[in-house]
Amino acid sequence: MPDPQTHDQSDLIQPNAAHRYEVTIDDLPVSCPMPGMYLWNSHPKVFIPLHKTGEGKCPYCGAEYVVKDFNPDDPRVLEQHRRE
């Protein structure tokens, strides 16, 4: 049986197709590969810490993630600190 998450979906992007991804505060926490990417040919899922500087890099593929309009005092960003 085809994987309903990726096999028959034509709107998915290749993982690491770009080397820089802009995300929003609402996307936190961010993982690589991101939802909406093919997963079968990618690396294991890893969460990218963006809550301190608004920028982060995947240790597997080197893809860079940047939070648009990053504000370290935004309560949604501060929520990401709860596990540290």
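Residues numbered from 1 in each chain as written. Predicted model: local features only at pLDDT ≥ 70, side-chain atom pairs only at ≥ 80, totals over all residues. Heavy atoms only, no water.

## Side note on the overall build of the protein chain
- Looking only at helices and strands, one finds one helix and five strands in the protein chain.
- Evaluated residue by residue, the protein chain yields a buried proportion of 32% over its 84 residues.
- Across the protein chain, contacts joining residues at least 24 apart in sequence account for 45% of those joining residues at least 6 apart.
- As displayed, the protein chain offers around 5,900 Å² of accessible surface, 51% of which is attributable to carbon and sulfur atoms. (Helix = DSSP H or I, 4+ residues; strand = E, 2+ residues; numbered from the N terminus. Buried < 20%, exposed > 50% of the residue type's maximum accessible area, 1.4 Å probe, protein only. Contact = heavy atoms within 4.5 Å. Areas by Shrake-Rupley, 256 points an atom, 1.4 Å probe, with all protein chains shown as cover.)

## Some words on the pairing of strand β1 (residues 20-23)
- Side chains Tyr21 and Val23 project from β1 onto a buried face, and the interleaved Arg20 and Glu22 project onto a face without burial.
- Pairing geometry for β1 and strand β5 (residues 64-67), over four bridges, is parallel. Pairing of Glu22 across the sheet is with Val66, part of β5. (Pairing = 2+ DSSP bridges.)

## Regarding the packing of aromatic side chains
- Counted under the stated rule, the structure contains one aromatic pair.
- With centroids separated by 5.2 Å and ring planes inclined at 20 degrees, the aromatic side chains of Tyr21 and Tyr65 adopt a geometry described as stacked. On the criterion of sequence distance, the pair formed by Tyr21 in strand β1 and Tyr65 in strand β5 is long-range, its members being 44 residues apart. (Phe/Tyr/Trp six-rings, centres within 6.5 Å; stacked < 30°, edge-to-face > 60°.)

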